[in-house]
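Listed here are the chains, written in short residue letters.
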Protein chains: 2
Amino acid sequence: MSLLVVGSVALDSVKTPFGEAEEVLGGSAVYFSVAASFFSQVHLVGAVGVDFPKGHLSLLQERGVDLAGLEKAEGETFRWKGEYTHNLNEAITHETHLNVFEDFRPRIPTAYQHCRHLFLANIDPELQLSVLDQVKSTDLVACDTMNYWIEGKLEALKETLKRVDILIINDGEARELAQEPNIARAARAILAMGPKTLIVKQGEYGALSFDHEAVFSAPGYPLEDIRDPTGAGDTFAGGFMGYLAKAANLSPLILRQAIIYGSAMASFNVEAFSVDRLKTLTYPEIEERVKAFKLLSHFDIP
Amino acid sequence: MSLLVVGSVALDSVKTPFGEAEEVLGGSAVYFSVAASFFSQVHLVGAVGVDFPKGHLSLLQERGVDLAGLEKAEGETFRWKGEYTHNLNEAITHETHLNVFEDFRPRIPTAYQHCRHLFLANIDPELQLSVLDQVKSTDLVACDTMNYWIEGKLEALKETLKRVDILIINDGEARELAQEPNIARAARAILAMGPKTLIVKQGEYGALSFDHEAVFSAPGYPLEDIRDPTGAGDTFAGGFMGYLAKAANLSPLILRQAIIYGSAMASFNVEAFSVDRLKTLTYPEIEERVKAFKLLSHFDIP
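Here is a short report on the structure shown in this document. (Residues numbered from 1 in each chain as written. Chains lettered and ligands numbered in written order. Predicted model: local features only at pLDDT ≥ 70, side-chain atom pairs only at ≥ 80, totals over all residues.)

## Some words on the nonpolar core
Thinking step 1. In terms of nonpolar packing, the biggest core is built from 98 residues, with V5, F119 and A142 of chain A touching the most fellow members.
Thinking step 2. The greatest single-element share of this core, amounting to 9 residues, is contributed by helix α9 (residues 252–269) of chain A.
Thinking step 3. Discounting residues that sit within four places of it in the chain, V5 of chain A has contacts with A29, F32, S33, V42, L44, F119 and A121 of chain A.
Thinking step 4. Formed by 97 residues, the second largest nonpolar core is a distinct cluster that contains A29, A47, V200 and V270 of chain B. (Core = buried A, V, L, I, M, F, W, Y, C linked by C-beta atoms within 7 Å. Buried ≥ 20, exposed ≤ 12 C-beta atoms within 10 Å, placed from the backbone. Helix = DSSP H or I, 4+ residues; strand = E, 2+ residues; numbered from the N terminus. Contact = placed C-beta atoms within 7 Å.)

This is how it looks when you write it as structure tokens:
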């Protein structure tokens, strides 16, 4: 039932056609943890600087996220500044200041080393490997990555992929990692690198999941009010991994449900800036959205 | 049970990363008719030039498509020359020669004027209106259009939209027609223009269907071998309208099935150039593919 995430905690400044936000709570581990906390106990490993506003942790604390693994390091907190135009599928990065994240070396507290479920958020694959070296026994390891690591640290990334069960990346990253424009062929090539399951996030178009037996297509929920897509992928991963940790079962049926719960969490998150929508979210609302996903995509054949 | 289509018959020259084809059978009415013929009797209204190779009609004849409304006009057949790079969602047009299609004025033979199902393929909306003036009683009218008409003949297009039941267009066209980047809002704006149902084709990502009651998301089938996407949209429309004509029923359940049958037909068509894949296609293969769509997208919620 317990879930460990290693990733970034950040201060984001984001502009979209629907508004802007300055120095708000962000980072992959934050989005992941808040989303996963609706389903499971979450332990977060990451780092913030001395300038990190104390109040920013209250949401995580209220949601019961264990922050014993959150280091406070000398220096400033990781900052990202970006923008989305009307193409909400693609972020334009204006500034990235790694700050304390530059020297971040994840140390997994002894108490977490036996977590059954582990998510390696989008960090340097060498750090992902060091986390894998520290954990003792896991039922399920999933990871994320990005074009920056595919282009700059491919060998380390390939080592990571040999040791994870599930890779969760977006459409363009999958095509780039496999060097193959056809997504079905790209998926086959990536599964040959190690993961038993590949989940391809397609932004507003939903997600595809590939394993050696089958393919699953989860719909995108056509929302009328999308204010900020930042963190959608990590919120998806949080809902997905949280649901799997709760279910403690990896059947194809449960895996598909987890993808739908992840999609539902992401669909809420994009309705507001930062993690604002998740602050007020309730479990009945999640269940209602999951039902809406079912109605959205259900059909019977003759 | 009978279905009328008005659209183009063309000679296409197409290049994709997987091969090329010169002066092969194409045109919206052709792709539509062949696909629809698996489900219903089809009557085709269109025009070819004196240079049109007679053998090109044999497939349509074999499939029982009624060609009494296909005019042979003085001049050359409509020709399109285009290319797809690895982004198979977008055609790059090199040449368009309307030829006989420039003076094409659809004349609906008396025998067809009582067809219950009508599809207005992507032609000048003024011609679409002239067809609507000629038909006497229809149960269901669907139409297609494109950016060229949205930009150049918006008023005529809006007149057409007031008189059709279903509009079938692609993602970018829907956003352009509504002048709204959010697809759910764009759909609402388009439904206010007249159609009771809007179907948004999303290429490899599948299709969305909007009406005043609900939204349906049909998955894209992740094929490993896509050779030529030309005609995918018209093949979709053919399968969709053919299925509806056969069912003679417009319940939400049937509408969703029709979208899946249309998607299945399109997924076959892109496996080869021109209508080559449809030449050898059998009904049991279609049923098998429809089952694969169900397996691809099915999930149960707890």
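What follows continues from the structure just given.
## Thoughts on the sheet that holds strand β3 (residues 19–26) of chain A
Residue and element names in this part refer to chain A.
Thinking step 1. On the basis of which strands lie adjacent, the open sheet formed by 4 strands has the order β3-β2-β6-β7 and mixed pairing. Each end of this open sheet is capped by a strand with a single partner; those strands are β3 and β7 (92–97). Strand-to-strand twist of the sheet, defined as the mean angle between neighbouring strand axes without regard to direction, takes the value 10 degrees.
Thinking step 2. Of the strand pairs in this sheet, strand β2 (residues 10–16) and strand β6 (residues 78–83) are connected by 6 bridges, and their pairing is parallel. Each residue of the ladder has a partner; that of K15, found in β6, is E83. (Pairing = 2+ DSSP bridges. Axes fitted to C-alpha atoms, helices over the stretch in contact; angles between N-to-C directions.)

## Topic: the pairing of strand β13 (residues 215–218) of chain A
All names here are of chain A.
Thinking step 1. What you see with β13 is no split at all: V215 and S217 on one side and F216 and A218 on the other are buried throughout.
Thinking step 2. Alignment of strand β12 (residues 207–211) against β13, held across 4 bridges, turns out to be antiparallel. In the sheet register, F210 faces β13, and the bridge partner there is V215.
Thinking step 3. Hairpin remark: β12 followed by β13, antiparallel, with 3 residues in the connecting loop.

## Notes on the relation of the copies chain B and chain A
Thinking step 1. Least-squares fitting of chain B to chain A yields an RMSD of 0.0 Å, with the transformation described by 0.0 Å of translation along the axis and a rotation of 180 degrees. Look at the turn and shift together and you get a two-fold axis relating the two. Rotation axis and chain B: the residue whose C-alpha lies nearest the axis is Y205 of chain B, separated from it by 3.1 Å.
Thinking step 2. By residue overlap, the copies meet face to face through one surface: 97% of the interface positions of chain B are interface positions in chain A. (Least-squares fit on C-alpha atoms with pLDDT ≥ 70 in both.)

## Structural notes on the environment of E155 of chain B
Residue and element names in this part refer to chain B.
Thinking step 1. Here E155 lies in helix α5 (residues 154–162).
Thinking step 2. Overall, the presence of 9 C-beta atoms within 10 Å leaves E155 in the exposed class.
Thinking step 3. Expressed as a C-alpha distance, the spacing of E155 and W80, which sit 75 residues apart in the sequence, is 26 Å.

## What about helix α3 (residues 125–134) of chain A?
All names here are of chain A.
Thinking step 1. Where α3 is concerned, the buried positions are P125, Q128, V131 and L132. Summarising the axial view, the buried residues of α3 lie within an arc of 110 degrees, below the 170-degree limit, and thus occupy one face.
Thinking step 2. The elements touched by buried residues of α3 are β1 (2–6), β8 (117–120), β9 (140–143), α4 (147–152) and α5 (154–162). (Arc of directions from axis to C-beta.)

## Some thoughts on the sheet that holds strand β12 (residues 207–211) of chain B
All names here are of chain B.
Thinking step 1. Taken in spatial order, the 9 strands of this open sheet run β5-β4-β1-β8-β9-β10-β11-β12-β13, and their pairing is mixed. Edge positions in the open sheet fall to β5 (66–72) and β13 (215–218), since each of these has one partner strand only. With strand direction ignored, the average angle separating the axes of adjacent strands in the sheet is 15 degrees.
Thinking step 2. Both strand β1 (residues 2–6) and strand β8 (residues 117–120) contribute to a ladder of 4 bridges, which runs parallel. Opposite L4, over in β8, you have L118 as the bridge partner.

The values reported here are purely geometric and, on their own, carry no functional implication.
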